[in-house]
Structures are given as structure tokens and as C-alpha cells.
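Residue-level structure breakdown
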Amino acid sequence: MENSPASRGADIDPAGLAVDLRGVVKAYDNGLVALGPIDLAVRRGEFVSLLGPSGCGKSTALRLIAALSAATSGTVRVARPAVTENGRHPIGFVFQEPTLMPWTTVRENVRLPLKLARVASSQANARVDEALARIGLSEFADSYPRELSGGMKMRVSLARALVTDPDILLMDEPFAALDEITRFRLNNDLLALWRSLRKTVIFVTHSVFESVYLSQRVLVMTPRPGRIAAEITIETKEPRSEEFRTSADYAGYCRRVSSALAPAYSGQSA
Ligand code: ADP
């Protein structure tokens with residue numbers, strides 16, 4: 001089941017991969033080739049960033065992994081958890097906009113995926129409570145989205161993704177609209193969650209600084225159609241903290257990633 005036409009594998013080999021894209025190309029119906037060919041292998045439990053200029057196909061790549069869209073050619077394989085009943089889903093998706101239902105509470109927003117999967121309400125309640133506690137919003141369970149700050153709304157969106165206990169978390173520029181201090185806090189909280197839950201995270205951003213701070217590996221993409229132009233492994237003392245953000249190591253990695261990204265912006269006016 002390799003290559004053209006596109007295929008989607010159910011299971012992945014036992015080599016410890018969560019996601020494996022081989023020779024993947026995405027052309028939209030209007031003929032625009034948005035992505036590829038791209039090879040992308042992500043290990044289970046890894047935190048990887050896709051970094052690239054706007055329009056290079058980062059969201060397209062996430063949508064292919066989430067099966068929200070089909071590849072034109074190539075193979076997309078995603079690891080499936082052994083158990084998927086009770087509203088468990090292999091993939092959680094966090095978008096740039098929190099996309100909350102404004103007419104109902106935080107608790108009901110987080111419960112939505114379990115409701116759609118018809119999980120019994122006693123079980124759903126416990127899982128919603130747990131997800132809210134993990135992202136520090138227990139006290140706001142009965143609040144409405146309009147009563148929350150931008151950062152808190154994004155936390156709700158993260159809790160909604162976590163409530164299905166996915167192995168893989170896909171995050172599409174989730175913190176781009178937040179002010180810097182809130183963004184830094186959410187960066188730290190996301191790292192703490194990742195350390196305790198050991199999910200695979202694929203994080204899309206166009207911020208060099210954010211990609212270096214968060215990831216074990218930064219994949220720098222070319223302009224559309226996006227391909228992987230460079231791969232930079234970030235090795236530093238773990239767990240990372242604000243200390244890392246001001247270290248010489250961090251500055252060095254940011255320089256390396258910026259130079260790898262520079263060609264993608266050449267020819268574009270500021
Ligand atoms: P990024 O996330 O890197 O900003 P996208 O994956 O959103 O990039 O988009 C890549 C390219 O594909 C862009 O030029 C965008 O306009 C185009 N594109 C995205 N979705 C569609 C679609 N449904 N139909 C046609 N073109 C699309």
C-alpha cells in the first residue's frame with residue numbers, strides 16, 4: 001500500500017513511531033499543491049515542532065495526520081491505541097482559535113467529545129473533572145467562555161483535546177494570538193503536561209523562539225509546497241524552565257533555527 005494513489009495505514013510498525021508520512025503530497029481540488037513530497041516520522045512520546053512561513057502547508061500536514069483530509073499521493077500512517085472505546089480517540093487537535101461553544105459552560109465544552117461518543121455521564125464527569133484539574137481550571141468549570149481570558153479559553157480547548165485521552169496531540173499555532181507572558185506560561189504548562197502524560201506532540205508554529213523552547217526536534221519547512229528543509233535536535237538539561245529561555249544554549253539554537261528558516265523568507269518583502 002505504498003505511494004500513489006494515497007493510502008492510509010491503520011497500524012504502524014513496532015519501531016516506536018506514532019506518525020509516519022512517506023512521500024506525501026497534498027494538492028487541493030483547485031490544483032494548488034500545498035505540501036510535499038514530505039517524509040515525516042515522529043516517535044511515540046516525542047515533542048516535534050513544524051516551523052515554516054505562513055502558507056507553507058503546516059496546517060495541511062496536521063489535517064492529513066488527523067484524517068481530516070486525504071493525501072493526494074504517498075502514505076500516511078498513524079499509531080492507534082489498543083483500546084478506543086469510551087470516547088478514547090487516538091488524536092487530539094488544538095486549533096489556533098479555541099472554538100468554544102459560547103452558550104454553555106466550560107464543563108460542557110470539555111465534555112463535548114465524550115457526549116458525541118455517548119460515554120456514560122458518570123464516567124464522563126470524572127474525566128472532565130480530571131482534564132480541568134490538569135490544566136488548572138477546576139474553579140472555572142461553571143463559567144461561560146465570555147467570562148474567561150484568552151489564555152483560559154485556550155486552556156479549555158486543551159482540556160477538550162485531552163479529555164479523549166489521545167496518544168497524539170496535534171497543535172496548530174495554539175498560542176499565536178496570546179500576549180507574550182500568557183504564551184510563556186502556557187508553554188511551561190504544556191511542557192509539564194507533556195512530561196507527565198508523555199503524549200506525542202506535533203506543534204505547528206511560525207515562532208522560532210517557541211519551537212526551540214518546546215521541542216525535542218524542530219523541523220524547518222520550505223515555502224509552499226512545504227517540504228522538510230532542515231531538522232534540528234534541541235538537546236538541553238531537562239526539565240526545561242524559564243532559565244533555558246535566557247541561556248546561551250537557547251540563543252545558539254534560535255540562531256541555528258533562524259538561519260535554517262531564512263531561505264524560506266528570501267524573496268519575500270517584510
Ligand atoms: P500554513 O499552515 O503553513 O499556513 P496551510 O496548510 O494552511 O499553510 O495552507 C497551505 C496552502 O494551501 C496555502 O496556500 C493555502 O491557501 C492553501 N489551502 C489550504 N486549504 C485549502 C483548501 N481547502 N483549498 C485550496 N487551498 C487551500
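In what follows, the structure referred to is the one given above.
An account of the accompanying structure is given in this report. (Residues numbered from 1 in each chain as written. Predicted model: local features only at pLDDT ≥ 70, side-chain atom pairs only at ≥ 80, totals over all residues. Heavy atoms only, no water.)

The next point concerns the state of the cysteines. Applying the stated rule across the entire model yields zero disulfides. We note that Cys254 lacks a disulfide partner, and the nearest cysteine sulfur, in Cys56, lies 18 Å from it. (Disulfide = S-S within 2.5 Å.)

Let's shift gears to the site of the ligand. Surrounding the ligand, one finds 13 residues, the nearest of these being Gly55, Gly57, Lys58, Ser59 and Thr60. Between an oxygen atom of the ligand and a main-chain N or O atom of Gly57, the distance comes to 3.0 Å. Lys58 places a polar side-chain atom, nitrogen or oxygen, 2.9 Å from an oxygen atom of the ligand. Protein burial of the ligand: of its 560 Å² of free accessible surface, 64% is covered by the chains. In terms of residue count, the dominant contributor to the shell around the ligand is helix α1 (residues 58–65) (three residues). (Near = heavy atom within 4 Å. Polar contact = N/O pair within 3.5 Å; in protein donor to acceptor, adjacent residues only side chain to side chain. Areas by Shrake-Rupley, 256 points an atom, 1.4 Å probe, with all protein chains shown as cover. Helix = DSSP H or I, 4+ residues; strand = E, 2+ residues; numbered from the N terminus.)

Position of Arg127 among the secondary structure elements: in helix α3 (residues 121–134). Comment: no salt bridge for buried Arg127; closest opposite-charge side chain is Asp165, at 6.4 Å. From its side chain, Arg127 meets the backbone oxygen of Val163 in a polar contact 3.1 Å long. Leaving out residues up to four positions away in the same chain, Arg127 has contacts with Asn86, Gly87, Arg88, Leu114, Val119, Val163 and Thr164. (Buried < 20%, exposed > 50% of the residue type's maximum accessible area, 1.4 Å probe, protein only. Lys, Arg positive; Asp, Glu negative; His and termini not counted. Salt bridge = Lys/Arg side-chain N within 4 Å of Asp/Glu carboxyl O. Contact = heavy atoms within 4.5 Å.)

The next thing to look at is the pairing of strand β10 (residues 228–233). Note that strand β9 (residues 217–221) and β10 share five bridges and pair antiparallel. Residue pairing for β10: Val218 is matched across the bridge by Ile232. As consecutive antiparallel partners, β9 and β10 are separated by six residues. (Pairing = 2+ DSSP bridges.)

Turning to empty space enclosed by the protein, a few remarks are in order. Inspection of the entire model under this criterion finds one cavity of 30 Å³ or more. Quantified by volume, the largest cavity comes out at close to 40 Å³. Every residue along the wall of the largest cavity is listed here: Leu162, Leu169, Leu190, Leu193, Trp194, Leu197, Lys199 and Val201. Counting residues per element, the lining of the largest cavity draws most heavily on helix α5 (residues 180–197), at four residues. Taken together, the residues of the lining of the largest cavity sort by class into seven nonpolar, no polar and one charged. (1 Å grid on protein atoms, 1.4 Å probe; cavity = no way out; pocket = protein on both sides within 12 Å on 5 of 7 lines; lining within 4 Å. Points joined across faces, edges and corners; volume = space filled by probe spheres on them. Nonpolar A, V, L, I, M, F, W, Y, C, P; charged D, E, K, R; others polar.)

Now for the packing of helix α2 (residues 106–116) against α3. At a closest axis distance of 9 Å, the pairing of α2 and α3 adopts a crossing angle of 120 degrees. Here α2 lies oblique to α3, going by the angle between them. Seen along the crossing, α2 lies across α3 with a hand that is right-handed. Counted together, Val106, Arg107, Val110, Arg111 and Leu114 of α2 and Ser121, Ala124, Asn125, Arg127, Val128, Asp129, Ala131 and Leu132 of α3 form the full contact between these two elements. When its residues are assigned to classes, the contact of α2 with α3 shows seven nonpolar, two polar and four charged. (Axes fitted to C-alpha atoms, helices over the stretch in contact; angles between N-to-C directions. Parallel < 35°, antiparallel > 145°, perpendicular 65-115°, else oblique. Left-handed = near helix turned anticlockwise from the far one by under 90°.)

On to the layout of surface pockets, then. Considering only enclosed or pocket space, the largest pocket measures out at about 450 Å³ in volume. Lining of the largest pocket is provided by 18 residues; of these, His89, Ile91, Gly92, Phe93 and Pro113 occupy positions nearest its centre. Elements with a contribution of two residues or more to the lining of the largest pocket: β6 (91–94), α2 and α4 (150–162). Grouping the constituent residues of the lining of the largest pocket by class yields ten nonpolar, six polar and two charged.

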